[in-house]
Amino acid sequence: MAKSPIGVFDSGYGGLTVLKSIVAQLPDYDYIYIGDNARTPYGSRSFETVYEYTLQAVKTFFELGCELVIIACNTASAKALRNIQQKDLIFLAPNKRVLGVIRPSAEAIGNITQNNHVGIFGTPGTVNSESYVIEIGKLFPEIKVTQEACPIWVPLIENNQFDNEGGRFFVKEHVDNLLQKDSKIDTIILGCTHYPLLIDIIKEFLPPHIKVLSQGDIVANALQDYLNRHPEMEEKCSQGKTVTYFTTDNPEIFEERAEIFLGKSIKAQRINLKTN
Ligand code: DGL
């Protein structure tokens, strides 16, 4: 049986925060990362567009041989995952699997909040989709979920303009907005894979008792658990300890910026996503 790398997808660099945690926890497998940098950000795009782009990425991973793909982007998970899982997979490749980041985050939150007041920071796309409210509501109906859309955070991060006076102003603004909506919040999910880069600044503007969760470790734990529960899929994942990076934009720029997310230098190649 041919074995293949695990695919990890994001609209740009944000998924690298998830990939980093996954590789740290499951270092033996091979991974392929694709960042759709040419079309990032997805956060302000329509449902139809995010679905179309994400489906193109999934088809590309399948063409590269991947059996298992993680959509490491909340916006794409919120707007495209369900359709892909329920409508497309059966025609494309019924034995392959595509997993997202929202469900595992929703599952984790119930064991962490003490007072059932949870906050979500996300892109406008993720917030408007209500995916967190719906997923958490299914598992923990007693939890009150309050959301805050932060449209400017991804551009600030993608352009490395967050750790200065202007960047901090916009971080504080959204932190204050969230707490004004619900002052009892004791736990916040960073519901966008870019936001872990802001975690220290976010915490500066929050009372110290509030816990702030990044998704990297949550998704890595969920993947480990998935592979344990699905030995038939685990067997199909190759174990050569490699990570191959693709971007739909300029690979040199990707290499430079990816270093901010990964804390190490990498090599990247350009790829065109499959459009049919
Ligand atoms: N990283 C994506 C997410 O987790 C958002 C970035 C974008 O807007 O493209 O939602």
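Residues numbered from 1 in each chain as written. Predicted model: local features only at pLDDT ≥ 70, side-chain atom pairs only at ≥ 80, totals over all residues. Heavy atoms only, no water.

K.L.:
What is the right way to look at the sheet that holds strand S1 (residues 6-10) in this model?
P.N.:
Note: strands within a sheet are paired through backbone hydrogen bonds, in either parallel or antiparallel orientation. If you walk across this open sheet you meet the six strands as S4-S3-S1-S2-S9-S10, and the pairing is parallel. Both edges of this open sheet fall to strand S4 (97-99) and strand S10 (268-270), since each of them pairs with a single strand only. Going from strand to strand, the sheet's axes swing by 25 degrees on average, the running direction of each strand aside. The pairing of strand S3 (residues 68-71) with S4 spans three bridges and is parallel. When the sheet's bridge partners are listed, Leu68 is paired in S4 with Arg97. (Pairing = 2+ DSSP bridges. Helix = DSSP H or I, 4+ residues; strand = E, 2+ residues; numbered from the N terminus. Axes fitted to C-alpha atoms, helices over the stretch in contact; angles between N-to-C directions.)

K.L.:
Any chance you could explain the site of the ligand here in plain terms?
P.N.:
Around the ligand sit 14 residues, and of these Ser11, Tyr42, Gly43, Thr75 and Thr193 come closest. Within the side chain of Thr75, one N or O atom sits 2.7 Å away from an oxygen atom of the ligand. Side-chain polar atom of His194 to a nitrogen atom of the ligand: 2.9 Å apart, as the coordinates give it. In isolation the ligand offers 300 Å² of accessible surface; the protein chains occlude 99% of this area. (Near = heavy atom within 4 Å. Polar contact = N/O pair within 3.5 Å; in protein donor to acceptor, adjacent residues only side chain to side chain. Areas by Shrake-Rupley, 256 points an atom, 1.4 Å probe, with all protein chains shown as cover.)

K.L.:
Explain the side chain of Thr113 to me, please; I cannot follow it from the model alone.
P.N.:
With respect to the helices, strands and loops of the structure, Thr113 is situated in the loop between helix H4 (102-109) and strand S5 (117-122). Residue Thr113 is classed as buried on the basis of its relative accessible area of 8%. In this structure the side chain of Thr113 is engaged in a polar contact, spanning 2.9 Å, whose partner is the backbone nitrogen of Asn116. Here Thr113 is in contact with Val118, Ile143, Asp186 and Thr187, once residues within four sequence places are set aside. (Buried < 20%, exposed > 50% of the residue type's maximum accessible area, 1.4 Å probe, protein only. Contact = heavy atoms within 4.5 Å.)

K.L.:
Any chance you could explain the packing of helix H1 (residues 15-25) against helix H12 (residues 251-262) here in plain terms?
P.N.:
Each packed pair of helices is defined by two parameters, the angle between the axes and the distance between the axes. Between H1 and H12, the least distance of the axes is 9 Å, while the angle of their chain directions is 60 degrees. In terms of orientation, H1 and H12 fall into the oblique class. Like other packed secondary-structure pairs, H1 and H12 cross with a definite hand, here right-handed. Here Leu16, Thr17 and Lys20 of H1 come into contact with H12, specifically with Phe254, Ala258, Phe261 and Leu262. In terms of residue class, the contact of H1 with H12 is built from five nonpolar, one polar and one charged. (Parallel < 35°, antiparallel > 145°, perpendicular 65-115°, else oblique. Left-handed = near helix turned anticlockwise from the far one by under 90°. Nonpolar A, V, L, I, M, F, W, Y, C, P; charged D, E, K, R; others polar.)

K.L.:
For this particular structure, what's the right way to read the sheet that holds S5?
P.N.:
An order of S6-S5-S7-S8 is seen for the four strands of this open sheet, with the pairing classed as parallel. Edge positions in the open sheet fall to strand S6 (144-149) and strand S8 (211-213), since each of these has one partner strand only. On average, adjacent strands in this sheet sit at an angle of 20 degrees to one another, irrespective of strand direction. Along the sheet face, helix H6 (residues 131-139) touches S5, S6 and strand S7 (187-190) and points at about 165 degrees away from the line of S6.

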